[in-house]
Amino acid sequence: MNRSRVFVLMLATLGLAGAAFSFGHWTARRSDAGSPGALDLPAVPAADDVPRQVRLSPVSDMDRPFTIDEVEERIREVCKTGVWRSQRERLNLMHAIAPEDMPRILRIVDASRMAHGRAWIRGELVARWAETEPAAALDYVGTIANRHEREAAFDAAVAAWADIDPEAAAVWVRAMPAGPMRGRAVTATVASLGWVDPRAALRLAEEYGDGSAIDRNTALVFTSWAQMDAAQAAAALDALARGGARAAAVRALAGEWAARDLEAAFAWAGTLGDPREREAALSTICMEIADDDPAGAASLALVRLSGNVRQGALQSIVSRWAAEDLPAAVAWLRRVEDLPVRRAVMGGLAQEWAAIDPRAALKFALAMPAGQETTWALRTIFNTWADSDPSAALNSLWDLPPGEVRSEQWTNILGKLATKDPEQARQIIAAMPAGDDRTEAIRSVAVELIDSDPHIAAAFAALLPPDTEPDLFATIARGLAADDTQAALEWIEALPDTGLRERAFSAAVGVIADRDPSGAMAMLDRMPTPAARATLLSSVLRSLAEKSASSATSLAMTIGDPVERARAVSQALMGIDDGAFDAALALFALLPQGPAQQRVAERLSWSLGQSDPMRLKGWLDTQPDGPARRTIASSLVGQLAEIDPKAAFELTAMIPAGPMRDSAVANAVVRWGEQDFPSALAWLQAQPDTASRREALSSLSHQLVETNPQRALQVAQLLPSGGQQASVYSAVGYRWSSLPDASITQYAAGIADPKARVGFLGGVISGLASRDPIRAAALLPSVASPELRQQAVWSIADAWAENDPAAAMQWLGGVADGSEREAAATTVAMKWAASAPAEAAAAIGRLPTGAVRDSALFAGAHALARVDLPQASTWAMSIADAGRRHNAIENIAGAWYRSDPDAARRWLAQTDLPADRAQRVLDEQAGDDYGGMDGPAVLLDHID
């Protein structure tokens, strides 16, 4: 199976699992299709219009163990159960369906009430159909009413077609209107077309992609290209501009080339002029060879890589190595002389080492300098150790200095100990003095035991003060009820606090009602409060409703108190399964008008509208006028807008004026505008200037930005001058940022409204900043708004710093405004310090003393505090402004104290931080330590 096939299957699986990708402005009613949700798609080329690389027969050559009647029977069963009997059966059944039988089979699926099963089995059928008859398959997809299911089926159909006939699919994709679904179809097509014509696939990725999609699609092309001709792919790389797409291509090419010709891949990586690209390629190559030669891969990464790239590569390599040969990985790590590297790599080694020899792993970790990786390694060691020998782990925990790891691991390990030896855990807790630490220890033990033994968990929870942890008592009650109803009730009734009893009863009755509604009803008189009675009744009603509508309504009618009945019914309906609509609507009829009825109406109408909006319309017609009917109408507008936006718009008249109606009108007009733009625009032009009209104009124009920017601007011109209109121009500017500079400046000069012009240029610069910061910087002088200029400078610097922070910092020196330069220097310093701290420090050190230099040092120190506290402290001490310097010192000292309190104290003593502020830092951090006890190691010594 080639890699594009793997990708396509993965894509189809994601779609079939219910991943919803917004059709947005792309779905529309076909002029020749009257069914709901039909799609406005280009015509699928005939089979002979485009050369096809692969042709499938309508039915495969596999045996046909099923007749079409047997297929129908099995499809009905799978729609109900959600599972196949076997994968062999699934394959045979799919291949037994001829294309002409697909509509017949899909009608069975469409009629299924099981939404999840309906979606994924439909996807498999549509994918199979699209392999031989893509036009018919896609026509069918357009008839699916539910938007999410329609999107999933579309995903499956296009992916399957593109894998079989990528060139035909590419022709079709190019004819699609712009929008999210074209982007999704491009990705599926690029993956397959790359195996047939990688240059054409690359053009498709560049011309019809946007943002991260271009990066992802470019990587797919170079992955397949490298497998066919790596040298040719490397030559094509030179034509790509620097940025995310080129970086993704470098990594894809390096990995595939190394898998086939390691020496050639190394030679090519060495020719890359950009040091970041060279390191990215070498890092990918190291990871590629790590499975076969982990020692060589680790040594290569140690010598050839630097900074965070080296650290990440070594962590991954050594972690995988340790899983196969721990002694060899440990031996290699012991020979590494670079302490920061040893500390970083230990994080990836800790789990494997701790599983085999936790004492040795702990001894090694304790000998390493303090830092984030060391802290993480210690956590990993004790987490792993606690699973196998919690008593030993608890004794050794006190070899750690006081700090964050010791504090958090104490309760964690005690909880693990309780699952193996609850009596020993009880004796340790009994020896502790009363206080927060003892309460937290009890809570940890009880939580750890709930799943494995709720009875023992309940015994530990009884040691807690009665006014604490109500959620814990409820969880234990739920666990006990699932295991032993009578024991659960006796335990709950013995609780000393009324509030705890009520919470526990509420948790338990839900479990009991699901298993035995009659038994739950027998508990009614034992409920301590009216709220608890309502919870029990609602749980039973919900359980019955999911089995029998008549049983649920009959029980509800036996509740004599109208207030109690309304409370129980409304609670049941808020949690009822989406498939039990018959019972839900019958129970809803028992609710009186009021806020509770309105909340239930909102919940039910949303759920029903997702699966069957026309049935929701029928329910609406049966409701009397009132808040609930208006709520249902509002929900229906959103659901019906996907199918019949004109009808949805007409429904908005039922909703009172206000934010709810404004939102509903905007939603309906957006869908109306997608399907019949002239009519929607004419209506908008005829309306007076109201909040509802402005919201509809803004929503429609933003929705049109991706598919038709000219129409978006046409709508935006109906908005009054100001923020809403400028926002649309900004979005269009972002969209058009790839146009030539001359076209951009010419169009901007023609925008009469100054706010709209500023918004347009701001959008252009934001769009350019992520792809071509140099071009974005060239446009900056045309921006007059100080606020927009500062945001633009920051955007350019942030994007530039990703690939070339030195150039970004140099550019900032020419920015005239000091506040703009200061804000941008902050983001450059943070990214540069994290990737190449020595280079960043040298460049920042050359800046003149002042606010810009101090901002850069402060930001860099913050970034370094996550990976290298000693270096972060050096940066902090270089800040000239005392206020900023002291703030940086406090931040770093707090982080340092959590991993190495002694080192933090020593460093604080060397700084100029005022004594009272230094002491406050120490006091705040020390307050998180374990409360001064000698620790479980001492307690264990006193337990026989």
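About the cut-offs
Residues numbered from 1 in each chain as written. Predicted model: local features only at pLDDT ≥ 70, side-chain atom pairs only at ≥ 80, totals over all residues. Heavy atoms only, no water. Helix = DSSP H or I, 4+ residues; strand = E, 2+ residues; numbered from the N terminus. Buried < 20%, exposed > 50% of the residue type's maximum accessible area, 1.4 Å probe, protein only. Contact = heavy atoms within 4.5 Å. Areas by Shrake-Rupley, 256 points an atom, 1.4 Å probe, with all protein chains shown as cover. Phe/Tyr/Trp six-rings, centres within 6.5 Å; stacked < 30°, edge-to-face > 60°. Polar contact = N/O pair within 3.5 Å; in protein donor to acceptor, adjacent residues only side chain to side chain. Salt bridge = Lys/Arg side-chain N within 4 Å of Asp/Glu carboxyl O. Core = buried A, V, L, I, M, F, W, Y, C linked by side-chain atoms within 4.5 Å. Axes fitted to C-alpha atoms, helices over the stretch in contact; angles between N-to-C directions. Parallel < 35°, antiparallel > 145°, perpendicular 65-115°, else oblique. Nonpolar A, V, L, I, M, F, W, Y, C, P; charged D, E, K, R; others polar. Arc of directions from axis to C-beta.

**Side note on the overall build of the chain**
Now for step 1: Looking only at helices and strands, the chain has 55 helices and zero strands in total.
Now for step 2: In the chain, which comprises 944 residues, the share counted as buried stands at 53%.
Now for step 3: Residue pairs in contact within the chain that sit at least 24 positions apart in sequence constitute 61% of those at least 6 positions apart.
Now for step 4: For the chain, the computed accessible surface area is about 40000 Å², with 51% contributed by carbon and sulfur atoms.

**Overview of the packing of aromatic side chains**
Aromatic ring pairs are defined here through the distance separating the ring centres and the angle between the ring planes.
Now for step 1: Per the counting criterion, the structure on display carries 13 aromatic pairs.
Now for step 2: With a centroid separation of 6.4 Å and 75 degrees between ring planes, the pair formed by Trp736 and Phe760 is classed as edge-to-face. Pair noted here: Trp736 is in the loop between helix 42 (723–735) and helix 43 (741–749) and Phe760 is in helix 44 (residues 754–771), with a separation of 24 residues, a long-range link. In this pair, the class of Trp736 matches that of Phe760, namely buried.
Now for step 3: For the pair Trp896 and Trp907, a centre-to-centre distance of 5.7 Å together with 40 degrees between the ring planes defines the contact as tilted. Of the two residues, Trp896 is situated in helix 52 (residues 882–899) and Trp907 in helix 53 (residues 901–910); the sequence distance between them amounts to 11 residues.

**Observations concerning the side chain of Lys416**
Now for step 1: Relative to the elements of secondary structure, Lys416 occurs in helix 22 (residues 404–420).
Now for step 2: Engagement of the side chain of Lys416 in a polar contact is seen with the side chain of Asp387, the distance being 2.9 Å.
Now for step 3: Residues contacting Lys416, with those up to four places away along its chain left out, are Asn383, Ala386, Asp387, Pro390 and Glu448.

**Considering the pattern of salt bridges**
Now for step 1: For the structure shown, the criterion picks out 16 salt bridges.
Now for step 2: Linking Arg694 and Asp689 is a salt bridge whose minimum nitrogen-to-oxygen distance equals 2.9 Å.
Now for step 3: For Glu890, the salt bridge is made with Arg920, and the minimal N-O distance between the two is 3.1 Å. With Glu890 in helix 52 and Arg920 in helix 54 (residues 915–926), this pair connects stretches of sequence that are 30 residues apart.
Now for step 4: Put simply, Asp69, Glu72, Arg76 and Arg104 are held in one network by salt bridges that share partners.

**A look at the environment of Arg199**
Now for step 1: Considering the arrangement of structural elements, one finds Arg199 in helix 10 (residues 198–207).
Now for step 2: Arg199 gets classed as partly exposed once you look at its relative accessible area, which sits at 42%.
Now for step 3: Contact partners of Arg199, with chain neighbours within four places excluded, come to Trp225, Gln232 and Ala236.

**A closer look at the nonpolar core**
Now for step 1: Ile75, Phe222, Trp268, Met346, Leu414 and Ile476 are the most contacted members of the largest nonpolar core, which totals 210 residues.
Now for step 2: The contacts of Met346, once residues within four sequence positions are left out, are Leu333, Trp353, Ala361, Phe364, Ala365, Met368, Ala377 and Ile381.
Now for step 3: Counting 84 residues, the second largest nonpolar core, distinct from the first, contains Leu700, Phe760, Ala843 and Ile892.

**A closer look at the environment of Asp421**
Now for step 1: With respect to the secondary-structure elements, Asp421 resides in the loop between helix 22 and helix 23 (422–430).
Now for step 2: Taking the relative accessible area as the measure of exposure, Asp421 reaches 30% and is therefore partly exposed.
Now for step 3: Sequence-wise, Asp421 and Ser391 are 30 residues apart; in three dimensions their C-alpha atoms are separated by 9.0 Å.

**A few points about the packing of helix 40 (residues 691–707) against helix 42**
Now for step 1: Running from N to C, helix 40 and helix 42 point in directions that differ by 5 degrees, and their axes come no closer than 9 Å. Our classification of the angle between helix 40 and helix 42 gives roughly parallel. Only Gln724, Ser727, Val728, Ala731, Val732 and Arg735 of helix 42 make contact with helix 40, whose side of the interface consists of Arg694, Ser698, Ser701, His702, Val705 and Glu706.
Now for step 2: Looking at the contact of helix 40 with helix 42 residue by residue, the classes come out as four nonpolar, five polar and three charged.

**Description of helix 13 (residues 262–271)**
Now for step 1: Of all the residues in helix 13, the buried ones are Ala265, Phe266, Trp268 and Ala269. Summarising the axial view, the buried residues of helix 13 lie within an arc of 165 degrees, below the 170-degree limit, and thus occupy one face. Summarising the geometry of helix 13, the exposed residues directed more than 90 degrees from the buried face are Glu263 and Thr271.

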